[in-house]
Amino acid sequence: MTEKIFNPFTDRLSRDIRNTLSSSLVECLEAGNISSAEEVAKRYLAEHPAPLYSEYIQQRLQLYKEAVKTIHGGSEDPIWRSTILWNLGLFFEMHEVLEHAWYSAQGDTKLIMQALIRAAGVYVKLGCGYKPQARKMADKAIDVLTIHQEFLSDYFQPEPLLKALRELDPQPPELVR
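Small disclaimer: the values here were computed from a predicted structure and weren't measured.

Peer 1: Can you help me understand the pattern of salt bridges in this one?
Peer 2: Side chains that differ in sign of charge can pair as their charged atoms come close. Scanning the model with the defined rule gives seven salt bridges in all. As a salt-bridge pair, Arg 135 and Asp 139 come within 3.1 Å of each other at their nearest N and O atoms. Pair noted here: Arg 135 and Asp 139 are both in helix α7 (residues 131-147), with a separation of four residues, about one helical turn. Asp 139 gets classed as partly exposed once you look at its relative accessible area, which sits at 38%.

Here it is in structure tokens:
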């Protein structure tokens, strides 16, 4: 028997939990606390889900606490915020935060945000075993991120990220200045 894994691409409950929690993080960052995420978690946990779901929820709540503690009161810059989420392994949540800012961004900033969303998507896909899809996303991200390395260097050293995307390294690099 194959062990069931938390996979939002093949399991509806996984997808619903991930998407609802992730959306709540945007509210948590605004409020400076994780009350919104705790309410979402309480609703799902009240249904007594299988351990793979409850473990995911509990893990996310812990990471959200850390994210809010680090981000709240800091810069409003969505790229800065996204690097913190990346370093916590919150790749789908990074996508969520950047996507909100991407809607109103323009020019190169919009392209860079889209490339960072794709870079995060690479690790979402790899985490669920979708290597060919991750490769396509990585290739699209690499082109833009390579062109804009100087811009990115204000936030983090871009070369480790570019190297990881080129090699499709399953271990995401830490984004450091």
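Peer 1: Which parts of the structure should I look at to understand the packing of aromatic side chains?
Peer 2: Aromatic rings in a pair are described by how distant their centres are and how their planes are angled relative to each other. Scanning the entire structure with this criterion turns up eight aromatic pairs. Aromatic side chains Phe 6 and Tyr 53 sit 6.1 Å apart centroid to centroid with 70 degrees between the ring planes, which places their arrangement in the edge-to-face category. You can see Phe 6 sitting in the segment before α1 (12-31) and its partner Tyr 53 sitting in helix α3 (residues 51-71), a full 47 residues away along the chain. Judged by its relative accessible area of 15%, Phe 6 falls in the buried class. Assessed through its relative accessible area of 6%, Tyr 53 is described here as buried.

Peer 1: How do you make sense of unusual backbone geometry when you look at a structure like this?
Peer 2: One can expect most non-glycine residues to show negative phi and most peptide bonds to be in trans. You will see that His 48, though not glycine, has its phi angle at about 55 degrees, which is positive. With respect to the secondary-structure elements, His 48 resides in the loop between α2 (35-45) and α3.

Peer 1: Before we go on, may I ask you to explain the nonpolar core in this structure?
Peer 2: Proteins that are soluble and globular tend to have nonpolar side chains buried together. Core analysis: the largest hydrophobic core is formed by 59 residues, its most contacted members being Trp 86, Leu 116, Leu 145, Leu 161 and Leu 165. Listing elements by their share of this core, those giving two or more residues are α1, α2, α3, α4 (78-87), α5 (91-102), α6 (107-127), α7 and α9 (158-167). Residues in contact with Leu 165, not counting those within four places in the same chain, are Ala 119, Val 122, Tyr 123, Arg 135, Ala 138, Ala 141, Ile 142 and Leu 145.

Peer 1: So what exactly am I meant to see when it comes to α9 here?
Peer 2: One full turn of an α-helix is made of 3.6 residues, so residues set three or four places apart face in the same direction. Turning to α9, its buried residues number three or more, namely Pro 158, Leu 161, Leu 162, Ala 164 and Leu 165. Projected onto a plane normal to the axis of α9, the buried residues spread over an arc of 165 degrees and lie on a single side. The inward-facing, buried residues of α9 contact α4, α6, α7 and α8 (149-152). Note on α9: the residue one or two positions beyond its end, Leu 168, has a positive phi of about 50 degrees.

Peer 1: Teacher, can you tell me more about α6 here?
Peer 2: For α6, built from 21 residues, the straight-helix expectation of 30 Å at 1.5 Å per residue is met to within 8% by its first-to-last C-alpha distance of 31 Å. The complete set of buried residues in α6 reads Ile 112, Met 113, Ala 115, Leu 116, Ile 117, Ala 119, Ala 120, Gly 121, Val 122, Tyr 123, Val 124 and Lys 125. Summarising the contacts, the buried residues of α6 are in contact with α1, α4, α5, α7, α8 and α9. Immediately beyond the C-terminal end of α6, within one or two residues, lies Gly 129, with a positive phi of roughly 85 degrees.

Reading guide: rules and limits
- Residues numbered from 1 in each chain as written.
- Predicted model: local features only at pLDDT ≥ 70, side-chain atom pairs only at ≥ 80, totals over all residues.
- Heavy atoms only, no water.
- Salt bridge = Lys/Arg side-chain N within 4 Å of Asp/Glu carboxyl O.
- Helix = DSSP H or I, 4+ residues; strand = E, 2+ residues; numbered from the N terminus.
- Buried < 20%, exposed > 50% of the residue type's maximum accessible area, 1.4 Å probe, protein only.
- Phe/Tyr/Trp six-rings, centres within 6.5 Å; stacked < 30°, edge-to-face > 60°.
- Core = buried A, V, L, I, M, F, W, Y, C linked by side-chain atoms within 4.5 Å.
- Contact = heavy atoms within 4.5 Å.
- Arc of directions from axis to C-beta.
- Expected span 1.5 Å × (residues − 1).

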